[in-house]
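What the coordinates show
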Amino acid sequence: MIEDTFKKVFGAAPEVVVRAPGRVNLIGEHTDYNDGFVLPAAIDRYIAFAGRQRNDRKVRAHSIDFQDSVEFSLDDIQKDAAHPWSNYLRGVSKFLQSDGHQLAGADVVFGGDVPREAGLSSSAAVEVAATVFWQRLMGLELDPVYVIKLSRKAENEFVGVPCGIMDQFISALGRQDHALFLDCRDLTYRHVPLRGDVKVVVCNSGVKRALAQSEYEVRLKQCRQAVAQLGTAGLAVGTLREVDSQDLEVHRSALNDLLLKRARHVVTENQRVLEAVEVLEAGDLERFGELMHASHESLREDYEVSSKELDVLVELAWKQPGTLGARMTGAGFGGCTVNLVRADAAEAFAEAVRRGYQDALGLRAEIYVCRASDGALATG
Ligand code: GLA
């Protein structure tokens, strides 16, 4: 399909086709930028890139999703406010070159079925696919963690969105039928099998994440402030990752109520991820679901990043037979919930949640039954 579009736009078959998936996070929210733990899975929705080499230092790019084309020179890469969809590719190209990698030029077409602004990391998928596209087209030898960090750098420093490393990591290194347990401090990871008799069901609230970026920045700052104030009170830590519940109890007077809540979310969420990995490996899905439940409550009450729509979806999910766990996923303020549902109940679940959401809020939820999938760099 992407090959056909390339042919239509550029009149020949592409030399290289790559794809990178979106993701859902099972547990470990707002922990990555605190050097903590996360447990995402790549989903079977992708952004694909198809292209061929040019040798005149030009990039001609066409977006299928935006039905728009643009051209830029590799010798002068600027942010383009008129074609914001092209900035991920521009950023990746710029930083690959500033690291000394030779890019000759390219004709490229890209697009896919990861919903945008839904909290499923379509932008990370574009960045990772763009990096892997250049890697394959130019025959660059790149370490997987370099690909991940460079893709994130494009988002942070070129596009200007301050995200952590989780999304690019899972989009690159997800594995079919597995979640990925990542320690965001040293980037060690391991894949944890997801058993076939449960489904990962994603419910899209349909509400775009309006406050997501500004509130995300506020949370980031609050976490840093909490670390600084704990430091003043004698707890010398570099990040909230190094704080446990007991530390927080002992030093609670160092923090005002708001910062205490923010820090408590991060500290307890890290503990929940560690336990979640343990119980998932032991096959105790009931307990895993309880931890998802507790995660949602902590995000709602302590971190305050949920929304009315997300809460309604999660509460509906909790009532359905066969639901093991349900919580908001991603940055919050709209976007999606993630649900772990027994396979034989997944269809009835989707129907009931869709109806309940419509009845409660008059809104349409899109529901995707997902399969955990290979990342762009999965080697099997
Ligand atoms: C967004 C960011 C991630 C992560 C989540 C919250 O998806 O891109 O890095 O911080 O929010 O867990």
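Residues numbered from 1 in each chain as written. Predicted model: local features only at pLDDT ≥ 70, side-chain atom pairs only at ≥ 80, totals over all residues. Heavy atoms only, no water.

Looking now at the nonpolar core. In this structure, Leu39, Phe49, Leu89, Trp134 and Phe288 are the most contacted members of the largest nonpolar core, which totals 85 residues. Other than its neighbours up to four places away in sequence, Trp134 contacts Val59, Leu74, Leu89, Val92, Ser93, Leu96, Leu103, Gly105, Ala106, Gly139 and Leu140. Counting 26 residues, the second-largest nonpolar core is a separate cluster that includes Leu220, Leu240, Leu248 and Tyr303. (Core = buried A, V, L, I, M, F, W, Y, C linked by side-chain atoms within 4.5 Å. Buried < 20%, exposed > 50% of the residue type's maximum accessible area, 1.4 Å probe, protein only. Contact = heavy atoms within 4.5 Å.)

Once that is clear, we can look at the site of the ligand. Around the ligand, the neighbouring residues are Arg23, Glu29, His30, Asp32, Tyr33, Cys163, Gly164, Met166, Asp167, Tyr216 and Ala331. Within the contact set of the ligand, an oxygen atom lies 2.5 Å away from a side-chain nitrogen or oxygen of Asp32. At 2.6 Å from an oxygen atom of the ligand is found a side-chain nitrogen or oxygen belonging to Asp167. Coverage of the ligand by the protein chains reaches 94% of its 310 Å² of free accessible surface. Tallied by class, the residues present in the shell around the ligand amount to five nonpolar, two polar and four charged. (Near = heavy atom within 4 Å. Polar contact = N/O pair within 3.5 Å; in protein donor to acceptor, adjacent residues only side chain to side chain. Areas by Shrake-Rupley, 256 points an atom, 1.4 Å probe, with all protein chains shown as cover. Nonpolar A, V, L, I, M, F, W, Y, C, P; charged D, E, K, R; others polar.)

Another aspect to go through is the packing of aromatic side chains. As enumerated under the stated definition, the model contains eight aromatic pairs in all. By the ring-pair criterion, three or more aromatic residues cluster together here, those being Phe49, Trp85, Phe110, Phe133 and Trp134. Over the face of the ring belonging to Tyr368 we find Arg45, whose NZ or CZ atom lies 4.3 Å from the ring centre. Taking NZ or CZ as reference, Lys153 lies 4.6 Å from the ring centre of Phe95, over its face. (Phe/Tyr/Trp six-rings, centres within 6.5 Å; stacked < 30°, edge-to-face > 60°. Lys NZ or Arg CZ within 6 Å of the ring centre and 35° of its normal.)

When you line up the elements, Asp311 lands in helix H10 (residues 308–319). For the buried Asp311, which has no salt bridge, the nearest side chain bearing the opposite charge is Arg300, at an N-O separation of 4.7 Å. A polar side-chain atom of Asp311 sits 2.7 Å from a polar atom in the side chain of Ser306. Excluding residues within four positions of it along the chain, Asp311 makes contact with His296, Arg300 and Ser306. (Helix = DSSP H or I, 4+ residues; strand = E, 2+ residues; numbered from the N terminus. Lys, Arg positive; Asp, Glu negative; His and termini not counted. Salt bridge = Lys/Arg side-chain N within 4 Å of Asp/Glu carboxyl O.)

Quick look at H10 now. Here H10 is 12 residues long and its end C-alpha atoms lie 17 Å apart, about the 16 Å a rise of 1.5 Å per residue gives. Here H10 has its buried residues at Glu309, Leu310, Asp311, Val312, Leu313, Val314, Leu316 and Ala317. (Expected span 1.5 Å × (residues − 1).)

Turning our eyes to something else, we now look at unusual backbone geometry. Its identity as a non-glycine residue notwithstanding, His30 has a phi of 60°, on the positive side. Relative to the elements of secondary structure, His30 occurs in the loop between strand E1 (16–27) and strand E2 (37–53). Here the phi dihedral of Phe333 falls at roughly 60°; this positive angle occurs in a residue that is not glycine. Note on placement: Phe333 falls in the loop between strand E9 (323–329) and strand E10 (336–342).

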